[in-house]
Amino acid sequence: MTAKCNLIIDSCCDLPLELVQREGVFLVEFPFLFGTEEHLDDFGHSMPAKEFYDRMRKGEFPTTSQVSIPAYTEVFERAAQTGVPTVYLSFTSGLSGSYDVAVLVSEQVKEKYPDAELYVVDTKLASVAEGAIVYEALRQRDAGLTAVELVEWVEEARYFLNMMFMVDDLESLRRGGRIPDGVAAAGAKLDVKPMLTIDLKGKLALKGVARGRKKGIRQLAQFYLEKVSHEGPSGMIVTGNSDCPKDLERLHDLIRKEQEDAMFLDGSIGPVIGSHVGPGMIAIVFWGQDRREDLSVADRIARKIKGNA
């Protein structure tokens, strides 16, 4: 059966290349740089993860930038020329301005191709969390959802993905302006591993801390076991690592001790995300409770006040 829509996805989803190289799927590659040496994040094709992270371990500091207007234009025009409605599932606007660039370019392309149906969706997700929504969106597309239906599906489904990330090196976060210098220095002395998530606005948020990697990996497993919903669209657990595969195997083992039939889709944290988190990151993403209900006390009070207004 011919799919009813195309998908545009970007390399920040950190999925294996073989999963996204398929008919009706167009790839947007984010740029990264080592000094003046520019590269494209092409799902590890031209620079494998180990090479990238080894360069960071040796002291090189990569930087990232937005997707350019010409790069977006080329992909959107190719999609428009197919005559098939197209949905772009974008890296979160909470961590990059690329979403705004994509919206601008899509409007320009629609002026050039008036009959084109192009939709840009802010997934409000990043890395393997973005990968989890892309993976399931591909399944939903192949099952027959139209472009409009897929947009509606993603805009609701993104809130049912639960996620937690453990970062090993606080220095990478400090250099990216994510945490203050003093916190990074104190964390390094105490061997504190930050446990992070992505909030409802698509921004990075602190979920907790762990004293050491082993305890952090156990926290990731416990988070999954407490929050998972077996009624989600897919039983797949999406995990990722930035060149620490043995730790990822340990996470798998901990979960399988409690859930023997656990199925994992493993992604490699690419250079765009890796530039900000460094080597040693482990991530877990799965279908669980509606994150909109997991509100802070302040947010619950504000919602109650608005409801009574």
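Residues numbered from 1 in each chain as written. Predicted model: local features only at pLDDT ≥ 70, side-chain atom pairs only at ≥ 80, totals over all residues. Heavy atoms only, no water.

1. Description of empty space enclosed by the protein
Inspection of every chain in the model, using the stated rule, returns one cavity of 30 Å³ or more. Put simply, the largest cavity is a space of about 40 Å³. What lines the largest cavity is simply Ala-132, Tyr-135, Leu-161, Ser-234, Met-236, Val-238, Val-285, Phe-286 and Trp-287. For the lining of the largest cavity, the elements supplying multiple residues, two or more each, are α5 (127–142), β11 (236–241) and β13 (282–287). Element by element, the count of residues in the lining of the largest cavity is highest for β13, at three residues. Class assignment for the residues of the lining of the largest cavity results in eight nonpolar, one polar and no charged. (1 Å grid on protein atoms, 1.4 Å probe; cavity = no way out; pocket = protein on both sides within 12 Å on 5 of 7 lines; lining within 4 Å. Points joined across faces, edges and corners; volume = space filled by probe spheres on them. Helix = DSSP H or I, 4+ residues; strand = E, 2+ residues; numbered from the N terminus. Nonpolar A, V, L, I, M, F, W, Y, C, P; charged D, E, K, R; others polar.)

2. Examining the nonpolar core
Ranked by internal contacts, the top residues of the largest apolar core, which has 73 residues, are Tyr-72, Phe-76, Ile-133 and Phe-165. The element contributing the most residues to this core is α5, with eight residues. The residues contacting Ile-133, other than those within four sequence positions of it, are Thr-123, Leu-125, Trp-153, Val-154, Ala-157, Arg-158, Leu-161 and Trp-287. Of all hydrophobic cores here, the second largest spans 20 residues; its members include Ile-217, Ala-221, Leu-251 and Ala-262. (Core = buried A, V, L, I, M, F, W, Y, C linked by side-chain atoms within 4.5 Å. Buried < 20%, exposed > 50% of the residue type's maximum accessible area, 1.4 Å probe, protein only. Contact = heavy atoms within 4.5 Å.)

3. Concerning the sheet that holds strand β7 (residues 118–122)
Strand pairing in a sheet relies on backbone hydrogen bonds, with the paired strands running either antiparallel or parallel. Here we have four strands laid out as an open sheet, ordered β2-β1-β6-β7, and parallel in their pairing. Since the sheet does not close on itself, it has two edges, and those belong to β2 (25–28) and β7, each with one partner. Looking at each pair of strands side by side, their axes are set apart by 20° on average, direction ignored. Strands β1 (6–10), β2, β6 (86–90) and β7 of the sheet are contacted by helix α3 (residues 69–81), whose axis makes an angle of about 175° with β2. Sheet strands in contact with helix α6 (residues 147–157) are β1, β6 and β7, and its direction is about 5° off that of β7. (Pairing = 2+ DSSP bridges. Axes fitted to C-alpha atoms, helices over the stretch in contact; angles between N-to-C directions.)

4. Description of a positive patch on the surface
On the surface, a cluster of positive charge is contributed by Arg-211, Lys-214, Lys-215, Arg-218, Arg-250 and Lys-257. Of all the elements in the fold, those that place two or more residues in the positive patch are α9 (213–227) and α10 (245–258). Relative to the helices and strands, Arg-218 resides in helix α9. Look at Arg-218 and you get partly exposed, because its relative accessible area is 39%. (Patch = residues over 30% accessible without salt bridge, like charges linked within 9 Å, V, L, I, M, F, W, Y side chains within 5 Å. Areas by Shrake-Rupley, 256 points an atom, 1.4 Å probe, with all protein chains shown as cover. Salt bridge = Lys/Arg side-chain N within 4 Å of Asp/Glu carboxyl O. Lys, Arg positive; Asp, Glu negative; His and termini not counted. Charge placed at Lys NZ, Arg CZ, Asp CG, Glu CD.)

5. Examining the pattern of salt bridges
Tallying each qualifying case throughout the model produces 16 salt bridges. For Arg-78, the salt bridge goes to Glu-74, with nearest N and O atoms at 2.6 Å. Of the two residues, Arg-78 and Glu-74 are both situated in helix α3; the distance of four residues between them amounts to about one turn of the helix. One salt bridge connects Arg-213 with Asp-247, and the closest N-O pair in it is separated by 2.6 Å. In this pair, Arg-213 sits in helix α9 while Asp-247 sits in helix α10, placing the two residues 34 residues apart along the sequence. Within this structure, Lys-50, Asp-54, Arg-57 and Asp-243 form a network of salt bridges that share partners.

6. Quick word on the environment of Arg-256
With respect to the helices, strands and loops of the structure, Arg-256 is situated in helix α10. Distance from Arg-256 to Ala-221, taken between C-alpha atoms, is 9.6 Å for residues 35 residues apart in sequence. When near neighbours in sequence (up to four residues on either side) are disregarded, Arg-256 contacts Ala-262 and Phe-264.

7. Topic: the packing of α9 against α10
Where α9 contacts α10, the two axes come as close as 9 Å, and the packing angle between them is 40°. In terms of axis orientation, α9 runs oblique to α10. Once α9 is placed against α10, the crossing between them reads as right-handed. On the side of α9, the interface is formed by Arg-213, Lys-214, Ile-217, Arg-218, Leu-220, Ala-221, Tyr-224 and Leu-225, while α10 contributes Asp-247, Arg-250, Leu-251, Leu-254, Ile-255 and Glu-258. For the contact of α9 with α10, a count of residues per class yields eight nonpolar, no polar and six charged. (Parallel < 35°, antiparallel > 145°, perpendicular 65-115°, else oblique. Left-handed = near helix turned anticlockwise from the far one by under 90°.)

8. A look at the packing of aromatic side chains
For the coordinates displayed, the defined rule picks out 11 aromatic pairs. Taking the centre distance of 5.7 Å and the plane angle of 80° together, the rings of Phe-30 and Phe-91 count as edge-to-face. Placement of the pair is Phe-30 in the loop between β2 and β3 (31–34) and Phe-91 in the loop between β6 and α4 (98–112), with a sequence separation of 61 residues. Neither residue differs from the other here; Phe-30 and Phe-91 are each classed as buried. Here the basic side chain of Arg-55 rests over the ring of Phe-34, its NZ or CZ set 4.0 Å away from the ring centre. (Phe/Tyr/Trp six-rings, centres within 6.5 Å; stacked < 30°, edge-to-face > 60°. Lys NZ or Arg CZ within 6 Å of the ring centre and 35° of its normal.)

Function cannot be read off these values alone, since they describe shape.
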